[in-house]
Amino acid sequence: MLILFGAVKVILNQVKIEKGRNILTNISIVVNIAIVLILAMTKQAYAIVIAFLLLVIKSILLIKNKL
């Protein structure tokens, strides 16, 4: 699912549609947060760490991009 969001975002970058990119970015962050929470509830330690690190990296890159 996240791969699909990424592919659509690349297409929107090529077409230069800003509003669609922003909406996809917000949806992607919400999906990542939901994945981390679901993995935490199922107590899958290694998957939580990987998903959380990916979420942190994505957040840092988004903050850098906006500044």
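Everything discussed here concerns the structure shown above.
To start, this report covers the structure provided alongside it. (Residues numbered from 1 in each chain as written. Predicted model: local features only at pLDDT ≥ 70, side-chain atom pairs only at ≥ 80, totals over all residues. Heavy atoms only, no water.)

Section: the nonpolar core
Core analysis: the largest hydrophobic core is formed by six residues, namely Ile 29, Val 36, Leu 39, Ala 51, Leu 55 and Leu 62. Of all the secondary structure elements, the ones that give two or more residues to this core are helix 2 (18-41) and helix 3 (45-66). If we skip the residues at most four places from it in the chain, Ile 29 touches Leu 55, Lys 58, Ser 59 and Leu 62. (Core = buried A, V, L, I, M, F, W, Y, C linked by side-chain atoms within 4.5 Å. Buried < 20%, exposed > 50% of the residue type's maximum accessible area, 1.4 Å probe, protein only. Helix = DSSP H or I, 4+ residues; strand = E, 2+ residues; numbered from the N terminus. Contact = heavy atoms within 4.5 Å.)

Some thoughts on the environment of Leu 62
Considering the arrangement of structural elements, one finds Leu 62 in helix 3. Between the C-alpha atoms of Leu 62 and Val 10, which are 52 residues apart in sequence, the distance is 15 Å.

A look at the layout of surface pockets
Space inside the largest pocket adds up to approximately 170 Å³. For the largest pocket, the full set of lining residues is Lys 9, Asn 13, Glu 18, Arg 21, Asn 22, Thr 25, Leu 62, Asn 65 and Lys 66. Mapped onto the lining of the largest pocket, the elements with two or more residues apiece are helix 1 (2-15), helix 2 and helix 3. Among the elements that line the lining of the largest pocket, the one with the most residues is helix 2, at four residues. (1 Å grid on protein atoms, 1.4 Å probe; cavity = no way out; pocket = protein on both sides within 12 Å on 5 of 7 lines; lining within 4 Å. Points joined across faces, edges and corners; volume = space filled by probe spheres on them.)

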